Amino acid sequence: MNARPLNVAVIGAGPAGIYASDILSKSGLDVNIDLFERLPAPYGLVRYGVAPDHPRIKQIIVALYKILQRGDIRLIGNVEVGRDISVAELREHYDALIFSTGADTDAPLDIPGIDAPESYGGADFVSWYDGHPDHPRTWPLEAKEVAVIGVGNVALDISRVLAKHARDLMTTEIPANVAELLQQSPVTDVHVFGRRGPAQVKFTPLELRELGKQPDVDVTVDEEDFEYDEGSREALAASNQQRQVVKALENYAMQEPEELTASRTIHIHLFQAPAAILTDEAGHVRALRTERTRLNGDGTVSGTGEFRDWPVQAVYRAVGYAGSPIEGLPFDADRHVIPNAGGRVLDDDGQTLTGIYATGWIRRGPVGLIGSTKSDAQETITNLVADANAGLLHATTDDASQVGHDALLALLDSRGVPYTTWEGWELLDAYERELGEAYGEVTVTGGDAKSRERVKVVAREAMTAISRSTEAPADLIGQPDPDRVPERVAHRLQD
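In this report, we go over the structure that sits alongside the text. (Residues numbered from 1 in each chain as written. Predicted model: local features only at pLDDT ≥ 70, side-chain atom pairs only at ≥ 80, totals over all residues. Heavy atoms only, no water.)

1. Comments concerning the overall build of the chain
Move 1: Counting its regular elements, the chain contains 15 helices and 20 strands.
Move 2: The globule rule puts the C-alpha radius of gyration for 495 residues at 23 Å, and the 24 Å found for the chain is close to it.
Move 3: Seen through its C-alpha atoms, the chain measures out along the principal axes to roughly 75 × 55 × 45 Å.
Move 4: Residues counted as buried form 56% of the 495 residues belonging to the chain.
Move 5: Split by element, the accessible area of the chain, about 21,200 Å² in all, is 48% carbon and sulfur.
Move 6: Charged side chains of the chain number 47 positive and 77 negative; the gap between the two group centres comes to 4 Å. (Helix = DSSP H or I, 4+ residues; strand = E, 2+ residues; numbered from the N terminus. Rg over C-alpha atoms; globule rule 2.2 N^0.38 Å. Buried < 20%, exposed > 50% of the residue type's maximum accessible area, 1.4 Å probe, protein only. Areas by Shrake-Rupley, 256 points an atom, 1.4 Å probe, with all protein chains shown as cover. Lys, Arg positive; Asp, Glu negative; His and termini not counted. Charge placed at Lys NZ, Arg CZ, Asp CG, Glu CD.)

In C-alpha cells, the structure reads:
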C-alpha cells in the first residue's frame, strides 16, 4: 500500500463519473479524487442531452449536486483530455485513471441517402437545442414534414421539440438563439418510425404520456400497428412498464377524428423499417422510404417486401448514441467503447492496462439508465480497490511532488488553461438562475403566465469567465471555437 493517499483522476463529470467518484470516496481507501470535465460545467448529458422541457428528469442533477457539494471530490472543468493534457501526462500525475466520457455522437444508420443534406443526427440536434458550447448556433428548420427514426426517449424529445410551439418552451432554460429559430419553424407534421411493434418500443411510460399533453399538438398511432406474437406477449407479461407503454399507444390510437384539431401532429408509425432516404433532382430530401415488417414469433421482425414513401423534407435519426475515441487509449471502433474487462481497460492485445479504468456508456455502450450506471461504477471501483490493495497502482513519475491535484493545476496554469472549479460552477449556476428571474414571466398557449427558473449561458468563453469571476462578454450566446466544433456539423458555422 502507498504511504500517501491514492490519487485518482476521473475523466467525465456526467452521472457515470460522479457516481464512480462517490463510490470510490466511500470505498475505505485513503484517496484524493479529481473529476475532470471538458466543458466548463458538470453533469454531462443531463445538462446537454435532456430536452429543456423535462424538468423531472433533470432532478437527477439534485442528487449529483449533493455529491459534489460535499467538497471531497474536486471538479476541474474546461479541461479536455487529448487537447489540454494527454493521457500519458495524467498517468504521471495520478495513480489511476477512470474514464467516464459517455457517448456523444449518433450511432450509424446505413441506408441509401443517409448523407443527404437534410439528414441529421439526433445527437447533434439535441446538442443544438440544449446550447452545447461547441456546436453551431444555427439549425436549418425549414421542413414542414419531418421524419424521426427511432422509438426511444431521445426520439420523443426530438419530436416534441420539433412539434411544440416555441412559446411553450420559453418557461425553460432554452437559449435565446434556439427559441428564435424554433419560433420560425414551419413544421406541421412529425412522423416517428419504429421497425418493431408496440411490445418492443423503448419509450418510457411517463415520457410517452407527456407527449400528448403539449398544447396544440396531437399524437396519433394507426390501429393497424397493434400486433403481438408469443415473444411480444412474454415481454408484456414480464414488464409492467412495457404494458403501460402499450396502453398509452392504444389510447392515442383510439382517439376520435374530431378530437384531432391541433395545428401540429406527431404520428407514431410501428412495423416500419427505414429503407432509404429519397432525394429530388437537386439532392434534397423529398421522402423517407420504409418497408413494412412483420413479427417472427419471438419478438423480432422481418421485412415483408411492402414499401411506402412518406413525403418529408428532413430526416432525424435517433437510433442510439455512440462513444468517441480518446487519443492515447485503445478503442473498439465496432462497438464504440473503450475495451475493458469489468471496467479494467484492455490494450489491443487484450492485456490489462494497469491503472486505467472505464465506466458508464464509454465502457458498455449507450444502454441502460441511472441504475445500470451505478452498477457499472460499483464493479469498476471494486476492481480498482482490489488493484490498489494489491499494490498495483502508482503514478508513472518518480517525482512524488508531481503527483496529485496541486501539481496538475500548476501544469494547467503553466499552459494557460482556464480551468473551472466546483465553486465556479456554483457562480455560473447562480448567474443562470438570475437570468431566469430577470427575464420575467412568459405567456404560454392558453394565456397562463409562468416564470423561468434559469436561462442557459451558451458561450464557452462566457461560462468560463463567469465561473472564474472575470468579466463576462456581453454576448452570452456567442460563436463556438471552430477548432472544437465536430467536423460533421462544422458546415453550419456562421460566416
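2. Focus: the pattern of salt bridges
Move 1: In total, this model carries 29 salt bridges according to the counting rule given.
Move 2: Residue Glu-173 pairs with Lys-456 through a salt bridge whose shortest N-O separation is 3.1 Å. With Glu-173 in the loop between α6 (153-163) and α7 (176-183) and Lys-456 in the loop between β20 (449-450) and α15 (460-467), this pair connects stretches of sequence that are 283 residues apart.
Move 3: Judged by relative accessible area, which is 12%, Glu-173 ranks as buried.
Move 4: Lys-456 sits in the buried class, given a relative accessible area of 3%.
Move 5: Measuring nitrogen to oxygen at the nearest pair gives 2.3 Å for the salt bridge that ties Glu-379 to Arg-363. (Salt bridge = Lys/Arg side-chain N within 4 Å of Asp/Glu carboxyl O.)

3. Some thoughts on the nonpolar core
Move 1: Formed by 56 residues in total, the largest nonpolar core has its most connected members in Phe-125, Val-148 and Tyr-316.
Move 2: Ranked by residue count, the leading element in this core is α6, at six residues.
Move 3: Other than its neighbours up to four places away in sequence, Tyr-316 contacts Tyr-120, Phe-125, Trp-139, Leu-141, Val-146, Ala-147, Val-148, Ile-149, Ile-158 and Leu-162.
Move 4: Counting residues in hydrophobic clusters, the runner-up holds 41 residues, among them Ile-67, Leu-384, Trp-425 and Ala-462. (Core = buried A, V, L, I, M, F, W, Y, C linked by side-chain atoms within 4.5 Å. Contact = heavy atoms within 4.5 Å.)

4. What about the packing of aromatic side chains?
Move 1: By the definition in use, this model includes 13 aromatic pairs.
Move 2: Judged by centre distance (6.0 Å) and plane angle (90°), the ring pair of Phe-36 and Tyr-94 falls under edge-to-face. Taken together, the positions of Phe-36 in strand β2 (residues 31-36) and Tyr-94 in the loop between α4 (87-93) and β4 (96-99) put the pair 58 residues apart, joining distant regions of the chain. Neither residue differs from the other here; Phe-36 and Tyr-94 are each classed as buried.
Move 3: Taking the centre distance of 5.1 Å and the plane angle of 50° together, the rings of Tyr-120 and Tyr-316 count as tilted. Of the two residues, Tyr-120 sits in strand β6 (residues 119-121) while Tyr-316 sits in strand β14 (residues 314-317), which places them 196 residues apart along the sequence. Like Tyr-316, Tyr-120 is buried.
Move 4: An aromatic cluster of three or more residues is present, and its members are Tyr-120, Phe-125, Trp-128, Tyr-129, Trp-139 and Tyr-316. (Phe/Tyr/Trp six-rings, centres within 6.5 Å; stacked < 30°, edge-to-face > 60°.)

5. Looking at the sheet that holds strand β13 (residues 301-311)
Move 1: With antiparallel pairing, three strands are arranged side by side in an open sheet as β11-β12-β13. Here the strands that pair on one side only, and so sit at the sheet edges, are β11 (272-279) and β13. Going across the sheet, the axis of each strand differs from the next one's by a mean of 25°, ignoring polarity.
Move 2: Across seven bridges, the pairing between β11 and strand β12 (residues 285-295) is antiparallel. (Pairing = 2+ DSSP bridges. Axes fitted to C-alpha atoms, helices over the stretch in contact; angles between N-to-C directions.)

6. Description of the environment of Leu-408
Move 1: Along the polypeptide, Leu-408 turns up in helix α13 (residues 405-414).
Move 2: Counting along the chain gives 316 residues from Leu-408 to Glu-92, while the straight-line C-alpha distance between them is 9.5 Å.
Move 3: When sequence neighbours within four positions are dropped, the list of residues in contact with Leu-408 reads Phe-36, Ile-76, Ile-85, Leu-90, His-93 and Tyr-94.

7. Remarks on unusual backbone geometry
Move 1: With a phi close to 95°, Tyr-43 is a non-glycine residue in the positive phi region.
Move 2: Mapped onto the elements, Tyr-43 comes out in the loop between β2 and α2 (45-48).
Move 3: Of note in this structure, Asp-216 is not a glycine but carries a positive phi near 60°.
Move 4: Mapped onto the fold, Asp-216 is located in the loop between α8 (205-211) and β9 (217-221).

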